[in-house]
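For reference, the chains in residue letters:
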Amino acid sequence: MQFFSSFKVLLILFLGILAVNLFPWMGRHSGFITRGGVGGVLFCMGAKISSDPEIYSQIGRIGGTALVLGAATVAGSVVAVRMVRKLILKEGQK
C-alpha cells in the first residue's frame, strides 16, 4: 500500500514538471500555484486532524509537543534554505 502512495507522489511531481515544460505560462505563475497547493494541503490536514475524535479530545495535552515540533521544523527549514541559498550564490558567482 505504501508503494502506491509513494508512486502517486512521484507521478504528481513528474506531471507538474511536464506541465511546466509543455505550458510555459504555468512557469510564470508557479509561485501562485505553489501557494495554492500548500494552502490546500494545510486545509486538508487541518480537516483530517479536527475530524479525529481521539486527537481532538487530547489537543490540550499534545498542543505543547506540536508547538515545539512545529517550531523546530520551521527553524530547521530556514537554516537549510539559507545554507542551500549560500551554496547556490557561491556557485553562480564562479
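Sequence order as written defines residue numbering, which begins from 1 separately in each chain. Selection of residues for local features in this predicted model requires a pLDDT of at least 70, selection of side-chain atom pairs for listing and counting requires 80 or more, and totals for whole chains, interfaces and linings are taken over all residues. Processing note: side-chain calculations cover all non-hydrogen atoms of the structure and skip hydrogens and water entirely.

**Remarks on the overall build of the chain**
- Secondary structure elements follow DSSP: runs of H or I of four or more residues count as helices, runs of E of two or more count as strands, with numbering from the N terminus. Of the regular secondary structure elements, the chain holds five helices and zero strands.
- Counting helices and strands in the order they occur from the N terminus, the chain gives α-α-α-α-α.
- Partly exposed describes any residue whose relative accessible area lies between the buried limit of under 20% and the exposed limit of over 50%, with all areas from a 1.4 Å probe on protein chains only and scaled to the type maximum. Per-residue burial for the chain yields a buried fraction of 1% across its 94 residues.
- All accessible-area figures derive from a Shrake-Rupley calculation using a 1.4 Å probe, and residue coverage is judged against the displayed protein chains alone. For the chain, the computed accessible surface area is about 8600 Å², with 74% contributed by carbon and sulfur atoms.

**Regarding a nonpolar patch on the surface**
- Residues Phe7, Leu11, Phe14, Leu15, Leu18, Leu22, Phe23 and Trp25 make up a contiguous nonpolar surface patch of about 800 Å² in total accessible area.
- The greatest single-element share of the nonpolar patch, amounting to six residues, is contributed by helix H1 (residues 2-22).
- Among the structural elements, Leu11 can be located in helix H1.
- On the basis of relative accessibility, which here comes to 39%, the residue Leu11 falls in the partly exposed class. What makes a patch is a set of residues exposed beyond 30% relative accessible area and free of salt bridges, joined within 9 Å when like-charged and within 5 Å when nonpolar (Val, Leu, Ile, Met, Phe, Trp, Tyr). One side-chain nitrogen of Lys or Arg within 4 Å of one carboxyl oxygen of Asp or Glu is enough to make a salt bridge.

**Some details on the confidence of the model for the chain**
- Residues with a pLDDT of 70 or more make up 89% of the chain, whose mean pLDDT is 80.
- Per-residue confidence from the predictor is reported as pLDDT, which spans 0 to 100. At the level of individual helices and strands, the chain shows its lowest average pLDDT in helix H2 (residues 24-28), which scores 74, and its highest in helix H5 (residues 59-93), which scores 86.

**So, a positive patch on the surface**
- The grouping of Arg82, Arg85, Lys86 and Lys90 at the surface amounts to a positive patch.
- With respect to the helices and strands, the residue Arg82 is situated in helix H5. By the counting rule applied here, Lys and Arg register as positive and Asp and Glu as negative, while His and the ends of each chain are not counted. By convention, charge coordinates are those of NZ in Lys, CZ in Arg, CG in Asp, or CD in Glu.

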